[in-house]
Amino acid sequence: MNSKNFLKHFTVIGLGTIINMLLGLITTPIITRIVNPNEYGQLSIFTMYSNIAVMTLCLGLDQALIRFYYDKKDEAYKKKLLHSCVKIPFSIFLILSIIVIFLYCLKIVKINISFIILVLFLLYTLTQLIYRFSLIVIRLEYNSKLYSLLNILLKIFYIVIVISLLMIIKSNYFEILVLSTTISAIICLVISIFSQRKKWNFFKKDYFRENIKMNELLKYSLPFIFTMGVTTLFQAIDKISLSIFCEYSDVGIYASTMSLVHIFAIVQTTFNTLWAPMSVEHYTKNPEDKTFYKKGNQYITVIMFFIGLSLMLVKDIFAILLGEKYRLAAYIFPFLIFTPIMYTISETTVNGLVFYKKSKMQVLVAVGACLSNIIGNVILVPIIGCKGAAISTGLSYIIFFSLRTFLSNKYYYIDFKLKKFYFLTLIVVLYALYNTFIKFNILTIIFYFLCITILVCLYFDSIKEMINHVKKIIFRKEDKIND
């Protein structure tokens, strides 16, 4: 994919994410004023466990789909690959669901939830499982318009359903949140599969001539079972720690803050959606070209840190939007910003592990980051609660980035100028610490501009290239309009 096409897809997905963000900014404050932090915390735990289940059930075959998709251009091959990757997770889910319902109905195992919530959990997990593969195919085909549309529709359906039910029923808020989340996901799954019905029509056996080696797929994917499981635990340990050491209300406040951090997904989601398939495709065609990855790393570093610092500066505004019960969110926000920053930048430095199919090394990354987060949460959460969970999570993502980069460079070395990257990271960590414990004042603004100045000095050449690139695009558009 050339830079022109990349910018085209980036713009389409970016616009979709912006709309999604605006919808979230409008509706999240409405929902948080109706629903107590307790119910919001329960919903967060519900979706967290569902995500853990999906990650485990995928068996890493979602990653295998990305890695092997471009090995052949034949559509029959791609259809067979999709079928091969989906059938095992789907079969395992059905077997486990029957066992769980059987154990629940016979009261052999006591589960402290209602039968309705259990059914919704299984239904939501199945939906998310299939939807995961569906979205990956959309990304791999660079169908950015459909991808953006689905993200917008998911948000719109959820907003319409949840607000309507909250206004009509005015009770059982947790059940309403779960039901709304599940129904909106199902609708988008149906739309996504229908739009790609040729690829999902497994009843028409037009791909039998293709020979997919399941042992090769599983050899690459199976290490991801443990990796994804540990990674999901790594991502969930903060909420688990809060639920153990604190109250559900603390989980709710923390989860609401995370929903604000997800606004940052305007860049993270857009970039990651395109980068994963694009980097694999580029390596397949031109494995010796490392300049492509260097520039991608430098550009996204500038963008992510600039937006992250800017969001830290205005964190109090976001907290006000959530409502008085959620004001603590302003002090949780700064370190949670490191989650999208470090994850997104690490996507540009993990290339070696992906290209050389070193999925086993991903296990070390997950274990290292998870252990650091567990230790951090156990130490900090009992002392400073939500702030401790946020600090531990933010620092653990820096370790996550470091492990990914170090191990990747052992197989496919790229000079990412890490000294200046870690210097900038240290400066931003200090700024985050200040914003975590000190109320907004004039020094908050002064320190912000100091951080931005350091960012510009360190990455001046990259910023200059980005500005020139944008100018070229603008002038080209103006020339077309004049013509």
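Rules used in this analysis
- Sequence positions are assigned chain by chain, starting from 1 and proceeding in written order.
- In view of the model being predicted, local features appear only for residues whose pLDDT reaches at least 70, and side-chain atom pairs are presented and counted only at 80 or more, with totals across whole chains, interfaces and linings using the full set of residues.
- For the side-chain quantities, the full set of heavy atoms in the structure was used; hydrogens and water were omitted.
- A fitted line through C-alpha atoms represents every axis, and for helices the fit uses only the stretch in contact; the resulting angles, taken between N-to-C directions, go from 0 to 180 degrees.
- Numbering of helices and strands starts at the N terminus; helices are DSSP runs of H or I of at least 4 residues and strands are runs of E of at least 2.
- Each angle gets one of four labels, with under 35 degrees taken as roughly parallel, over 145 as roughly antiparallel, 65 to 115 as roughly perpendicular, and the rest as oblique.
- It is the rotation of the near helix from the far one that decides the hand of a crossing: anticlockwise by less than a right angle makes it left-handed, clockwise makes it right-handed.
- In this count, Pro and Cys sit with the nonpolar residues alongside Ala, Val, Leu, Ile, Met, Phe, Trp and Tyr, while Asp, Glu, Lys and Arg are called charged and the others, Gly among them, polar.
- Note on exposure labels: buried denotes an accessible area under 20% of the residue type's maximum, exposed denotes more than 50%, and partly exposed covers the range between, all computed with a 1.4 Å probe on protein chains only.
- Two distance rules govern patches: like charges are joined within 9 Å, and nonpolar side chains (Val, Leu, Ile, Met, Phe, Trp, Tyr) within 5 Å, applied only to residues with over 30% relative accessible area and no salt bridge.
- The protein chains shown are the only cover counted for residues, whose accessible areas, like all others here, come from Shrake-Rupley with a 1.4 Å probe.
- What counts as a salt bridge is simple: a side-chain nitrogen of Lys or Arg found within 4 Å of a carboxyl oxygen of Asp or Glu.
- Contacts between residues were defined by any pair of non-hydrogen atoms, one from each residue, lying within 4.5 Å.
- Only a pair of cysteine sulfur atoms within 2.5 Å counts as a disulfide in this structure description.
- For the purposes of this section, nonpolar cores are sets of buried Ala, Val, Leu, Ile, Met, Phe, Trp, Tyr and Cys residues that join through side-chain atoms within 4.5 Å.

Turning to the packing of helix α6 (residues 144-169) against helix α7 (residues 173-195), a few remarks are in order. Where α6 meets α7, the closest approach of the two axes is 8 Å, and the angle between their N-to-C directions is 150°. On the basis of their axis angle, the class for α6 and α7 is roughly antiparallel. The hand of the α6/α7 crossing is right-handed. Among the residues making up the contact of α6 with α7, the classes are represented as 20 nonpolar, five polar and no charged.

Bringing unusual backbone geometry into the picture now. Phi at Leu 59 takes a positive value of approximately 60°, unusual for a residue other than glycine. Here Leu 59 lies in the loop between α2 (37-57) and α3 (61-68). Non-glycine residue Lys 417 carries a positive phi angle of around 55°. As for its placement among the helices and strands, Lys 417 is situated in the loop between α19 (386-411) and α20 (418-437). A relative accessible area of 45% places Lys 417 in the partly exposed class.

What follows deals with a nonpolar patch on the surface. A contiguous nonpolar patch, built from Leu 426, Leu 430, Leu 433, Phe 437 and Ile 438 and spanning about 430 Å² of accessible area, is present on the exposed surface. By secondary structure assignment, the location of Leu 430 is in helix α20.

With that settled, the discussion passes to the side chain of Ser 279. Secondary-structure assignment places Ser 279 in helix α12 (residues 265-285). Taking relative accessible area as the criterion, Ser 279 reaches 5% and is therefore assigned buried. Ser 279 has contacts with Phe 292, Tyr 293, Asn 351 and Phe 355, leaving out every residue within four places of it along the chain.

Linking two cysteines covalently through their sulfur atoms gives a disulfide. Scanning all chains against the criterion turns up zero disulfides. Cys 58 provides the cysteine sulfur closest to Cys 85, a residue in no disulfide bond, and the two sulfurs are 9.8 Å apart. Of the residues examined, Cys 85 reaches a relative accessible area of 0% and is grouped as buried.

Among the eight residues in α3, seven count as buried, and that is most of the element. Buried within α3 we find Leu 61, Asp 62, Ala 64, Leu 65, Ile 66, Arg 67 and Phe 68.

Attention now moves to the nonpolar core. Within the largest apolar cluster, 116 residues are counted, with the highest numbers of intra-cluster contacts made by Leu 65 and Phe 133. In terms of residue count, helix α5 (residues 115-140) provides more of this core than any other element does, 11 residues in total. Counting residues in each nonpolar core, the second largest holds 20 residues, with Ile 31, Leu 43, Phe 46 and Tyr 124 among its members.

In short, the description is geometric, and any link to function would need to be established separately.
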